[in-house]
Amino acid sequence: MKIAVCIKQVPTREWQPRLNDQKTWIREQDISYEMNEPDAYALEEALRLREKHGGEVVVCSAGPARVQTVIREALARGADRAIHVEHDTLGSADAFVLADALAAAMNAESFDLVLTGLQSDDQGHGQTGVILAERLGIPSSTIIMDVQIEGGVLRVKRELEGGWFQWIAMPLPALLTIQSGINQLRYATLKGIMAAKKKEIRKAALPDGLQPAQQIVSLAVPTRSKQTQMIGGSAPDAARELVRRLREEARAL
Amino acid sequence: MILVIAEQREGTLNRATWETVAAAQQLSGGMPIAVAVLGAATGGVAQELASAAVAEVLVAEHAALDPYTPDGFAAAGRALIDAVTPALVLLPHTYQTRDFAPLLAARLRKPLITDVTGIEGTGSGATFVRPMFQGKLAAHVKPHGGSPALVTIQIGAFRADAAQKGGSAAVKKVDVRIDAAAIRQKPEAPFREAKQAVDLGQAERIVAVGRGIKSQENIPLAERLAKAMGAEVAASRPICDNGWLPMERQIGSSGQTVAPKLYVALGISGAIQHLVGMKGSRTIVAINKDAEAPIFEVADYGIVGDLFEIAPAIVAELEKG
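Rules and cut-offs
- Residues numbered from 1 in each chain as written.
- Chains lettered and ligands numbered in written order.
- Predicted model: local features only at pLDDT ≥ 70, side-chain atom pairs only at ≥ 80, totals over all residues.
- Buried ≥ 20, exposed ≤ 12 C-beta atoms within 10 Å, placed from the backbone.
- Helix = DSSP H or I, 4+ residues; strand = E, 2+ residues; numbered from the N terminus.
- Pairing = 2+ DSSP bridges.
- Axes fitted to C-alpha atoms, helices over the stretch in contact; angles between N-to-C directions.
- Parallel < 35°, antiparallel > 145°, perpendicular 65-115°, else oblique.
- Left-handed = near helix turned anticlockwise from the far one by under 90°.
- Contact = placed C-beta atoms within 7 Å.
- Nonpolar A, V, L, I, M, F, W, Y, C, P; charged D, E, K, R; others polar.
- Domains from an automatic or database assignment.

1. Let's talk about the pairing of strand S6 (residues 113-117) of chain A
Residue and element names in this part refer to chain A.
So, point 1. In terms of burial, S6 is a largely internal element, five of the five residues being buried.
So, point 2. With burial as the criterion, each face of S6 is covered, one bearing Leu-113, Leu-115 and Gly-117 and the other bearing Val-114 and Thr-116.
So, point 3. Examined bridge by bridge, strand S1 (residues 2-6) and S6 share four bridges and lie parallel to one another. Across the sheet, residue Ala-4 finds its bridge partner in S6, namely Val-114.

Right, dumping it as structure tokens:
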């Protein structure tokens, strides 16, 4: 089994948003980054499938030079090698550009299975994986919570709304977008970190002429739909005031 | 024309379709609206939708559309778009749409804007508002690269009861040719994992816990608060993913949708997937260390601070009687 995992580097959860002067993108200089969480689950699933079926796991990422950090982290967790489509503009690229960039670098590899997170914690379009499948000419299924492979046939458990699920069979090669929580993540060992330093990262160029399918006109902190009454003071004071208002104003207690 | 792609299953309309119709009506600016119903046997869904103030309802029935597959629906969507050449295509942002709309957009090589919570302007010049960075920012975006642009409307962003009725739209059949042999996914029947031992939908009060609780050892703190309030304990997705609380206690798009009298969000940042499951609650309390957390956008009462100090203080206050 030759398995690809597409990962993205995104700002950490603790990051407080700050905008550039044009208010069209975030101020990149003061951000610390991490691996997109659903992609981390996709990587873990790929490593488990390799343990069961053999083969190799190849990490693929499209982004500026900084994404090397998460590529190395994935290699340290156990991926065998990596492909990095590197370009400064890819940090803010939309799903069409990312999918086309990845497809160009991945096509000749003829992967049996491509996994990625169901969406990114930055722009969150939830499209890149499915568009990539179409560009690679393989079927896709999304929001996957279990992956089984027997006799060359893939069977996956797709999450539906409100606690419902569905099993879906499809031929390989295929692309799946993985839901958070499908497995328990492993973390890199010191041995893994050392080994990662020697693993290959193949650089691929961004193809010319890729066009975005949408443009960010502006970014802003969202406006509140409700007038939130903020309650301050020490913990006991805030607690007393909250309980009073829940009893007297909201009549919720 | 604006084309709305309705969602139905076995002849029952998904309510989110009405929200999308309301969004289309706000967007239209005089542009006619057509609503399309896709499926094998769509029953009375087209008639139900014909009561909306829209120009027409299109019925695209084909045996290959049941059960739902992304390949089948992308093929049908493409045939429909070729037939009616809309300027914009609106869909409800459901799990089904999330599965096939990117495929449809990829095949058409046309823009897809997902998760839309607001629309500014009308017609082809409109700007769409959608959350980014886990709801920490709202982006105004424009499609780029020709029509039609596909747009998915977030659940709860528009009101179903705001959809204008009173039309008597013509119901028309549309032929969609689908090559059934080209459908690669073979789905089995949907099922529910565990019996729902707790129906959080019936709870009067809910204390829901999120990442801010930090570790499984701290869950009893939330349980104490819930007990003191006469509430059920629930959680955001990451808590259930970690196994700290059972999946059946998850609130949000992949879990239960609730609207209790009181909802206390304890250390929950408020990603859109969580908000859609609880923002209909009558009174919402948010307790979070991050003053910028999106949960405060929907909260009636907010406390910025350390939940490990505040939750015990609330318990102490309630136990005073």
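From this point, the discussion proceeds with the structure in view.
2. Section: the packing of helix H4 (residues 128-136) of chain A against helix H4 (residues 95-108) of chain B
So, point 1. Where H4 of chain A contacts H4 of chain B, the two axes come as close as 8 Å, and the packing angle between them is 45°. It follows from the interaxial angle that H4 of chain A and H4 of chain B lie oblique. Of the two elements, H4 of chain A crosses H4 of chain B, and the hand of that crossing is right-handed. Here Val-130, Ile-131, Glu-134 and Arg-135 of chain A of H4 of chain A lie close against H4 of chain B, whose contacting residues are Pro-102, Leu-103, Ala-106 and Arg-107 of chain B.

3. Section: the interface of chain A and chain B
So, point 1. Counting residues at the interface gives 65 residues for chain A and 71 residues for chain B.
So, point 2. Residue assignment for the side of chain A that touches chain B shows that the elements contributing at least two residues are H4, strand S7 (140-150), strand S9 (164-171), strand S12 (214-220), strand S13 (229-230) and helix H6 (235-248) of chain A.
So, point 3. Take the side of chain A that touches chain B: its biggest share by element is nine residues, from H6 of chain A.
So, point 4. In terms of residue class, the side of chain A that touches chain B is made up of 34 nonpolar, 21 polar and 10 charged.

4. Structural notes on the domain arrangement of chain A
So, point 1. We note that the domain assignment places domain 1 (2-204) and domain 2 (228-253) within chain A.
So, point 2. Between domain 1 of chain A and domain 2 of chain A, the C-alpha centre-to-centre distance is 44 Å.

5. Quick word on the environment of Thr-20 of chain B
Residues and elements named next belong to chain B.
So, point 1. Assignment of secondary structure puts Thr-20 in helix H1 (residues 16-28).
So, point 2. Accessibility expressed as a C-beta count within 10 Å gives 30 for Thr-20, which makes it buried.
So, point 3. Spatially, the C-alpha atom of Thr-20 lies 20 Å from that of Leu-103, the residues being 83 residues apart in sequence.
So, point 4. When sequence neighbours within four positions are dropped, the list of residues in contact with Thr-20 reads Val-4, Leu-90, Leu-91, Pro-92 and Ile-153.

6. A word on unusual backbone geometry
Across residues other than glycine, the phi torsion is negative in most instances, and most of the peptide bonds are trans.
All names here are of chain B.
So, point 1. Cis geometry is adopted by the peptide bond preceding Pro-67, which originates at Asp-66 and carries an omega value of 0°.
So, point 2. As for its position among the elements, Pro-67 is in the loop between strand S5 (56-61) and helix H3 (70-84).
So, point 3. Cis geometry marks the peptide bond from Ser-147 to Pro-148, where omega comes out at 5°.
So, point 4. As for its placement among the helices and strands, Pro-148 is situated in the loop between strand S10 (137-143) and strand S11 (149-153).
So, point 5. Even without a glycine there, the phi angle at Arg-109 is positive, about 55°.
So, point 6. Here Arg-109 is to be found in the loop between H4 and strand S7 (112-116).

7. Looking at the sheet that holds strand S4 (residues 33-39) of chain B
All names here are of chain B.
So, point 1. On the basis of which strands lie adjacent, the open sheet formed by seven strands has the order S7-S11-S6-S1-S4-S5-S12 and parallel pairing. Each edge of the open sheet carries a strand with a single partner, namely S7 and strand S12 (170-173). Across the sheet, the mean angle separating the axes of adjacent strands is 25° when strand polarity is ignored.
So, point 2. As judged from the three bridges shared by strand S1 (residues 2-5) and strand S6 (residues 88-92), these two strands associate in the parallel manner. Bridged to Leu-3 within S6 is Val-89.
So, point 3. Where H1 meets the sheet, its contacts fall on S1, S4, S6 and S11, and the angle it forms with S6 comes to roughly 150°.
So, point 4. Where H3 meets the sheet, its contacts fall on S1, S4, S5 and S6, and the angle it forms with S4 comes to roughly 150°.

8. Focus: the sheet that holds strand S9 (residues 127-132) of chain B
So, point 1. Sheet architecture is open: four strands sit in the order S12(A)-S10(B)-S9(B)-S8(B), paired in antiparallel fashion. In this open sheet, the two edge strands, each paired with only one partner strand, are S12 of chain A together with strand S8 (118-120) of chain B. Ignoring strand direction, the axes of neighbouring strands in this sheet form an average angle of 35°.
So, point 2. When S9 of chain B meets S10 of chain B, the two strands line up antiparallel, connected through five bridges. Bridging across to S10 of chain B, Arg-130 of chain B finds its partner in Ala-139 of chain B.

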